[in-house]
There are 2 protein chains.
Amino acid sequence: MTDQQDKSVIIERFSDILKGKGKRKTPERIKILEKVLDFKKLFTVEQLYQVMLNDDFPVSRSTLYNTVDVLMEIGWLRKMNTGESSIAYERVEQTAQIHLKCEHCGKIKLVKDTSFMAYMNARKFMAFTTSYYNLTVYGVCNDCARRIKQLKRKQKSDKK
Amino acid sequence: MTDQQDKSVIIERFSDILKGKGKRKTPERIKILEKVLDFKKLFTVEQLYQVMLNDDFPVSRSTLYNTVDVLMEIGWLRKMNTGESSIAYERVEQTAQIHLKCEHCGKIKLVKDTSFMAYMNARKFMAFTTSYYNLTVYGVCNDCARRIKQLKRKQKSDKK
DNA sequence: TTTACTGCAAATATTTTGCAATATC
DNA sequence: GATATTGCAAAATATTTGCAGTAAA
């Protein structure tokens, strides 16, 4: 995913952007960014809070909300939709992917899909200028399908 | 949208389903369903609460959450994602449409799209069985685009 | 030195839960 | 009459806000 070298480049870029916006480069913001880069999928503020704790760098939730807002302002993060009661964030690079959400285990798998991207890039919508899009596909993942099948088989044999 | 005659058919069907599930047909549930049918787009429990109030049929939020759960259980509603802090629900019929969300005014417009449906119906995903999908397109609606343009023009002339 | 940022604590918003009274079946 | 449902009140969860102390520039 994002290796150490990439990270320092990204952090440098982040510092520049902060400076350009008259915002301050604080240890909290840098560390939070690093942790955000580690997430391979959607995450919530609460998850970020735990990750920071586990890395011996506790920050307040206010700071997390603040930094997440900054990252959204500069277009590095987006609010995404999960149907859960807490807001999920996602790195912009990941949003070009298709979200496969299993209705059974709730896990979301990201898949890259150039065919879909090509389809969407060619698409226009009436009276609307597209900046990006999100396709979430709901269904059942194979793991759960297998599990459900086994469960049913077991129930049958239990009846006997 | 859903006219009065359609509604009574739907309510009848709802009554049957409730009976079949050993659930009770209460005035609250029927009225809530009627209001849900009136929503042309996404709605939150809070909006539903207000609508019920305005129609002189106040119900508790508990009842709303309960009924919404029932409607989801029977597959008539789905949780949808808006990136706001409250959960939005949507009628299943509407989910086959594309959501155009304006990042400026936040309004979501639904558009029917048979070409996209055809594309998706033909699509398969590895290790995943699709049951439905949601495409949300983010961007700027023409109303806002116009407003932004005017604002910029105004700012320029103010500078002079 | 200036002032943006952090973190606390409190306010607000949203959702869930327990339970007594009630209404459906 | 049995019990599912309602609505209240309280708990749990999530997000926002105000402000004093702190630290970046």
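Residues numbered from 1 in each chain as written. Chains lettered and ligands numbered in written order. Predicted model: local features only at pLDDT ≥ 70, side-chain atom pairs only at ≥ 80, totals over all residues. Heavy atoms only, no water.

Moving on, we get to the domain arrangement of chain A. Residue and element names in this part refer to chain A. Examined at the domain level, chain A breaks down into domain 1 (1–93) and domain 2 (95–160). Summarising the inter-unit geometry, the C-alpha centres of domain 1 and domain 2 are found 26 Å apart. Opposite the 11 residues of domain 1 that make contact, domain 2 presents 10 residues. In this assembly, domain 1 packs against domain 2 so that about 910 Å² is buried in total across both faces, 46% of it on carbon and sulfur atoms. Across the contact surface, domain 1 and domain 2 share 0 salt bridges. (Domains from an automatic or database assignment. Contact = heavy atoms within 4.5 Å. Buried area = accessible area lost by both parts, 1.4 Å probe. Salt bridge = Lys/Arg side-chain N within 4 Å of Asp/Glu carboxyl O.)

With that settled, consider the protein's contact with DNA strand C. Around DNA strand C lies a shell of 20 residues, among which A:Arg29, A:Thr63, B:Arg24, B:Tyr65 and B:Ile87 are the nearest. Close to the protein, within 4 Å, the atoms of DNA strand C belong to sugar or phosphate groups at a rate of 71%. A:Ser62 places a side-chain nitrogen or oxygen 2.8 Å from a base nitrogen of DNA strand C. Here a base oxygen of DNA strand C and a side-chain polar atom of B:Arg24 are 2.9 Å apart. Mapped by element, the contributors of at least two residues to the surface near DNA strand C are α2 (27–38) and α4 (61–73) of chain A together with α4 (61–73) of chain B. The element contributing the most residues to the surface near DNA strand C is α4(A), with 3 residues. (Near = heavy atom within 4 Å. Polar contact = N/O pair within 3.5 Å; in protein donor to acceptor, adjacent residues only side chain to side chain. Helix = DSSP H or I, 4+ residues; strand = E, 2+ residues; numbered from the N terminus.)

It is worth spelling out the interface of chain A and chain B at this point. On the side of chain B, 36 residues touch chain A, which itself brings 36 residues to the contact. Counting the surface lost from both chain A and chain B, the interface buries some 3,200 Å², and carbon and sulfur atoms represent 56% of this. Linking chain A with chain B are 2 salt bridges, by the criterion used here. Between B:Arg123 and A:Asp113 there is a salt bridge, with its nearest N and O atoms 2.4 Å apart. For the pair chain A and chain B, the number of links is 18 residue pairs in polar contact (both at pLDDT 80 or more). Among the elements of the structure, β2 (77–80), β4 (98–102), α5 (114–122) and β6 (128–141) of chain A are those that each provide at least two residues to the side of chain A that touches chain B. Ranked by residue count, the leading element in the side of chain A that touches chain B is β6(A), at 14 residues. Tallied by class, residues from the side of chain A that touches chain B come to 18 nonpolar, 12 polar and 6 charged. (Nonpolar A, V, L, I, M, F, W, Y, C, P; charged D, E, K, R; others polar.)

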